[in-house]
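# Observations on chain architecture
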Amino acid sequence: MSFFGFGQSVEVEILLNDAESRKRAEHKTEDGKKEKYFLFYDGETVSGKVSLSLKNPNKRLEHQGIKIEFIGQIELYYDRGNHHEFVSLVKDLARPGEITQSQAFDFEFTHVEKPYESYTGQNVKLRYFLRATISRRLNDVVKEMDIVVHTLSTYPELNSSIKMEVGIEDCLHIEFEYNKSKYHLKDVIVGKIYFLLVRIKIKHMEIDIIKRETTGTGPNVYHENDTIAKYEIMDGAPVRGESIPIRLFLAGYELTPTMRDINKKFSVRYYLNLVLIDEEERRYFKQQEVVLWRKGDIVRKSMSHQAAIASQRFEGTTSLGEVRTPGPLSDNNSRQ
């Protein structure tokens, strides 16, 4: 970034010490595009240099101080002017004075807490970034560099199956079962559907993965549902006693870990939506929440020791608490 004024301009660049060896991760931007950013984990040190290059070597650059910040913030799109910072660290690099030649300043943020996963959604964005600032009398010179943070979890000790009986009285009675209630992002959902009573003509059945993003609090809560995947289970009429297997691979879809009440600003939850369509195009459905988590040992070999330690504990944002399994429903002939 250049600053022009009073005959002098400066180019500011932020360079990480481990830029050559650090892994990069794809992350979606607000406009839907994917870009690669340096990947960090909770507890890792962030260090590097702020490089200042003067464009006119014979003229000095006066300033009121130079600093670098590490910031984690949440931005709600309906309240764009108000950024909610949950991490804010500052290092002063230079006192007020003047710069007569190009130079670089070292910085280090040791064992930085990064409690939440980077996220770009329909109505909210959680981002981490470094910001270098040269304070000036008229206009500050500012350079930002975004990074991506992934939160890691270990295998949940309790991971019970989901089993439910649902139906329409005297018309349809089915039992469906999923092998687990908690899945890592590269997992496979395995299950079965049993038809115990079939007196309506079902022509199609599918399972949808639905992401529900919730923002706001109290009366200003807003839900945004996004169908991530559609998996056809059956095309044709089932008969009593029939059993249909389910095998749905998650690796091919854009999923994040389940995020619950992040800094009291937003949540991201996932649901398996079982949909039945009869010959009259009526739709019957049943939703069941599942918990998604990021498997730590996928990257542990290339991680630093401090990140490996961080991966051993559960993050509050990807809480793997028990998922309730409701009993039989009497009003499950809800139509979409």
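Residues numbered from 1 in each chain as written. Predicted model: local features only at pLDDT ≥ 70, side-chain atom pairs only at ≥ 80, totals over all residues. Heavy atoms only, no water.

The protein chain appears in an unreviewed UniProt entry as VPS26 retromer complex component B from Cricetulus griseus. Looking at the Sequence similarities (unreviewed entry) heading of the UniProt record, one finds this comment for the protein chain: "Belongs to the VPS26 family." Turning to the protein chain, the UniProt record has this under Subcellular location (unreviewed entry): "Early endosome". (UniProt positions renumbered as here; feature names shortened; annotations may be inferred.)

The next subject is the overall build of the protein chain. A tally of regular secondary structure across the protein chain gives one helix and 22 strands. Sequence-distant contacts, at least 24 apart, represent 70% of the contacts inside the protein chain between residues at least 6 apart. Roughly 17,300 Å² of accessible area belongs to the protein chain as shown, and the carbon and sulfur atoms make up 45% of that amount. (Helix = DSSP H or I, 4+ residues; strand = E, 2+ residues; numbered from the N terminus. Contact = heavy atoms within 4.5 Å. Areas by Shrake-Rupley, 256 points an atom, 1.4 Å probe, with all protein chains shown as cover.)

Enumeration according to the criterion identifies seven aromatic pairs in this entry. Arranged with centres 6.2 Å apart and planes meeting at 45°, the rings of Phe 70 and Phe 109 form a pair that is tilted. On the criterion of sequence distance, the pair formed by Phe 70 in strand E6 (residues 66-76) and Phe 109 in strand E9 (residues 103-109) is long-range, its members being 39 residues apart. We classify Phe 109 as buried; its relative accessible area is 2%. Pairing Phe 70 with Tyr 128 gives two aromatic rings, centres 6.2 Å apart and planes at 35°, and the pair type is tilted. Of this pair, Phe 70 sits in strand E6 while Tyr 128 is found in strand E11 (residues 124-134), placing the two residues 58 residues apart along the sequence. Per residue, the accessibility class of Phe 70 equals that of Tyr 128, and both read buried. (Phe/Tyr/Trp six-rings, centres within 6.5 Å; stacked < 30°, edge-to-face > 60°. Buried < 20%, exposed > 50% of the residue type's maximum accessible area, 1.4 Å probe, protein only.)

Attention now moves to the pattern of salt bridges. Enumeration over the complete set of coordinates arrives at 21 salt bridges. Notably, a salt bridge pairs Lys 49 with Asp 106, separated by 3.6 Å at the nearest N-O pair. Separated by 57 residues along the polypeptide, Lys 49 in strand E4 (residues 46-54) and Asp 106 in strand E9 bring together distant segments of the chain. What makes Lys 49 partly exposed here is its relative accessible area of 35%. Judged by relative accessible area, Asp 106 falls into the exposed class, the value being 57%. Where Glu 62 meets Arg 60, a salt bridge forms, and the shortest distance between an N and an O atom there is 3.4 Å. (Salt bridge = Lys/Arg side-chain N within 4 Å of Asp/Glu carboxyl O.)

The four strands lie next to each other as E13-E14-E16-E19, forming an open sheet whose pairing is antiparallel. Each end of this open sheet is capped by a strand with a single partner; those strands are strand E13 (162-168) and strand E19 (243-249). Strand-to-strand, the axes of this sheet are offset by a mean angle of 20°, without reference to chain direction. Across seven bridges, strand E14 (residues 172-178) lies against strand E16 (residues 188-198) in antiparallel orientation. Bridging from a neighbouring strand, Glu 177 pairs with Lys 192 of E16. (Pairing = 2+ DSSP bridges. Axes fitted to C-alpha atoms, helices over the stretch in contact; angles between N-to-C directions.)

Across the sheet, which stays open at both edges, the three strands sit in the order E1-E4-E9 with antiparallel pairing between neighbours. Where the open sheet ends on each side, the last strands, each with one partner, are strand E1 (10-16) and E9. Taken over all neighbouring pairs, the strand axes of this sheet differ in orientation by 20° on average, direction set aside. Pairing between E1 and E4: seven bridges, direction antiparallel. In the sheet register, Ile 14 faces E4, and the bridge partner there is Val 50.

Within a regular strand, the side chains alternate between the two sheet faces. As defined by bridge partners, strand E3 (residues 34-41) adjoins strand E12 (residues 141-150) across three bridges and the pair is classed as parallel. Bridge pairing links Tyr 41 to His 150 in E12. Of the pairings in the sheet, the one linking E11 to E12 comprises seven bridges and is antiparallel in character. Along E12, the bridge assignment pairs Ile 134 with Val 141. Hairpin connection between E11 and E12: a loop of six residues separates the two successive antiparallel strands.

Once that is clear, we can look at the environment of Ile 202. Positionally, Ile 202 belongs in strand E17 (residues 202-215). Look past the residues within four positions of Ile 202 in its chain and what remains in contact with it is Leu 172, Met 234, Gly 236, Ala 237, Pro 238, Leu 276, Ile 277 and Asp 278.

The next point concerns the pairing of strand E22 (residues 283-293). Buried residues dominate E22, accounting for eight of its 11 residues. Across three bridges, strand E15 (residues 182-184) lies against E22 in parallel orientation. Its bridge partner lying in E22, Lys 182 is registered against Val 291. Where strand E21 (residues 266-278) lies against E22, eight bridges are found, and the strand directions are antiparallel. Within E22, the residue paired with Tyr 270 across the bridge is Val 290.

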